[in-house]
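Fold and geometry: a report
If you want the building blocks of each chain, they are given just below.
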Amino acid sequence: MTDISNMAVREIVQQSELKHIAFIMDGNGRWAKNKGLPREFGHRAGAETFKKVLRYCRKIGISVVTVYAFSTENIKRPKREVEAIFSLLLDYIEEARDEDGVEFCFLGDPAALGEDIGKKARALEEDTRGGAHRVNIALNYGGRAEIVHAVNELIKQGKTEISEDDISANIYTKGCPDPDLVVRTGKETRISNFLLWQSAYSEFYFSDAMWPDFSADDVDAAIRDFAGRSRRWGGLDKNETRK
Ligand code: FPP
């Protein structure tokens, strides 16, 4: 295996064919609580971290970034917290228009969160179509609901028997490579209904950092860790042969 300790992260990204990183941005609430602040402050700091991480990922050559911004279950949170997250998302949807060369896609059912957010999310998708980098924002998203959505689409198309390729062609991320690496911050080691179909062969990296504290150095650490893994896709290492 190549010694990557002295290699620049950009080179590692290229060499390890790392195209897509997905982030579960956990720990905003605890970050705020630890500072004696309301949870909303954690989400505001988390939105800033999201922008920095996104910029950094672009800089080092990651083509696709996916983030879990709001799950189908997050609506159960107190109204004040939900409204604070929606307000940050609406602000970001405006700001995102200044990102050059980025195609934005929303995974999930943003329209069910309200007409305003639904319309603005879809307009951003339409207006940024064709960008060289892709950012997926999972918004009112659930991994099981996504698979059910795909199956229902296939039923509408008249299918009576389906393949894995049919599901892949009808999930929210259609046309997008599956995540090579899924990073979860906030000391939790669960998948929480995120990208259940797409993460079948992803590598997982868990960080103890709360999301607002997650930095470019932490992205580097995750990538170096990823590059040291042996991805076998259920088969054997390239240099191993079956006797
Ligand atoms: C999980 O932390 C985070 C969320 C449910 C919301 C994430 C939203 C943002 C970062 C802001 C808006 C996003 C964008 C893309 C502009 P948690 O609240 O569950 O943390 P905890 O486990 O410490 O309570």
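Keep in mind that this is a model prediction, so the values were computed, not measured.

**Description of the packing of aromatic side chains**
- The final tally for this structure, using the stated rule, is 11 aromatic pairs.
- Relative to Y172, the ring of Y141 lies with its centre 6.2 Å away and its plane at 65°, an arrangement referred to as edge-to-face. In this pair, Y141 sits in strand β4 (residues 133–141) while Y172 sits in the loop between α7 (164–168) and β5 (181–184), placing the two residues 31 residues apart along the sequence.
- Look at Y141 and you get buried, because its relative accessible area is 0%.
- Taking the centre distance of 6.2 Å and the plane angle of 85° together, the rings of Y141 and F194 count as edge-to-face. Taken together, the residues Y141 in strand β4 and F194 in the loop between β5 and β6 (203–206) connect sequence positions 53 residues apart. Here the two residues Y141 and F194 agree in accessibility, since each one is buried.
- The cationic tip of R44 hangs over the ring face of F41; the distance from NZ or CZ to the ring centre is 5.0 Å.

**Examining empty space enclosed by the protein**
- Under the counting rule described, the total for this entry stands at one cavity of 30 Å³ or more.
- Around the largest cavity, the lining residues are L54, R58, Y92, E99, V102, F104, H133 and V135.
- Listing elements by their share of the lining of the largest cavity, those giving two or more residues are α3 (39–59), β3 (102–107) and β4.
- Per-class residue counts for the lining of the largest cavity are five nonpolar, one polar and two charged.

**With respect to the site of the ligand**
- Close to the ligand lie 17 residues; D26, R30, R39, H43 and R77 are nearest.
- A distance of 3.2 Å separates an oxygen atom of the ligand from a polar backbone atom of G29.
- R77 is positioned with one of its side-chain polar atoms (N or O) 2.8 Å from an oxygen atom of the ligand.
- In the complex, the protein chains occlude 92% of the 630 Å² of accessible area that the ligand would expose alone.

**As for the environment of I60**
- Note on placement: I60 falls in the loop between α3 and β2 (64–71).
- Distance in space between the C-alpha atoms of I60 and E11 is 8.2 Å, their sequence separation being 49 residues.
- The residues contacting I60, other than those within four sequence positions of it, are V9, R10, V13, V219 and I223.

**Section: the pattern of salt bridges**
- By the definition in use, this model includes 19 salt bridges.
- For K120, the salt bridge is made with D116, and the minimal N-O distance between the two is 3.2 Å. Remark: D116 and K120 occur in helix α5 (residues 115–128); sequence separation between them is four residues, near one turn of the helix.
- Residue class for D116 comes out partly exposed when judged on its relative accessible area of 42%.
- One network of salt bridges, in which partners are shared, links D26, R30, R184, E188 and R190.

What counts and what doesn't
- Residues numbered from 1 in each chain as written.
- Predicted model: local features only at pLDDT ≥ 70, side-chain atom pairs only at ≥ 80, totals over all residues.
- Heavy atoms only, no water.
- Phe/Tyr/Trp six-rings, centres within 6.5 Å; stacked < 30°, edge-to-face > 60°.
- Helix = DSSP H or I, 4+ residues; strand = E, 2+ residues; numbered from the N terminus.
- Buried < 20%, exposed > 50% of the residue type's maximum accessible area, 1.4 Å probe, protein only.
- Lys NZ or Arg CZ within 6 Å of the ring centre and 35° of its normal.
- 1 Å grid on protein atoms, 1.4 Å probe; cavity = no way out; pocket = protein on both sides within 12 Å on 5 of 7 lines; lining within 4 Å.
- Points joined across faces, edges and corners; volume = space filled by probe spheres on them.
- Nonpolar A, V, L, I, M, F, W, Y, C, P; charged D, E, K, R; others polar.
- Near = heavy atom within 4 Å.
- Polar contact = N/O pair within 3.5 Å; in protein donor to acceptor, adjacent residues only side chain to side chain.
- Areas by Shrake-Rupley, 256 points an atom, 1.4 Å probe, with all protein chains shown as cover.
- Contact = heavy atoms within 4.5 Å.
- Salt bridge = Lys/Arg side-chain N within 4 Å of Asp/Glu carboxyl O.

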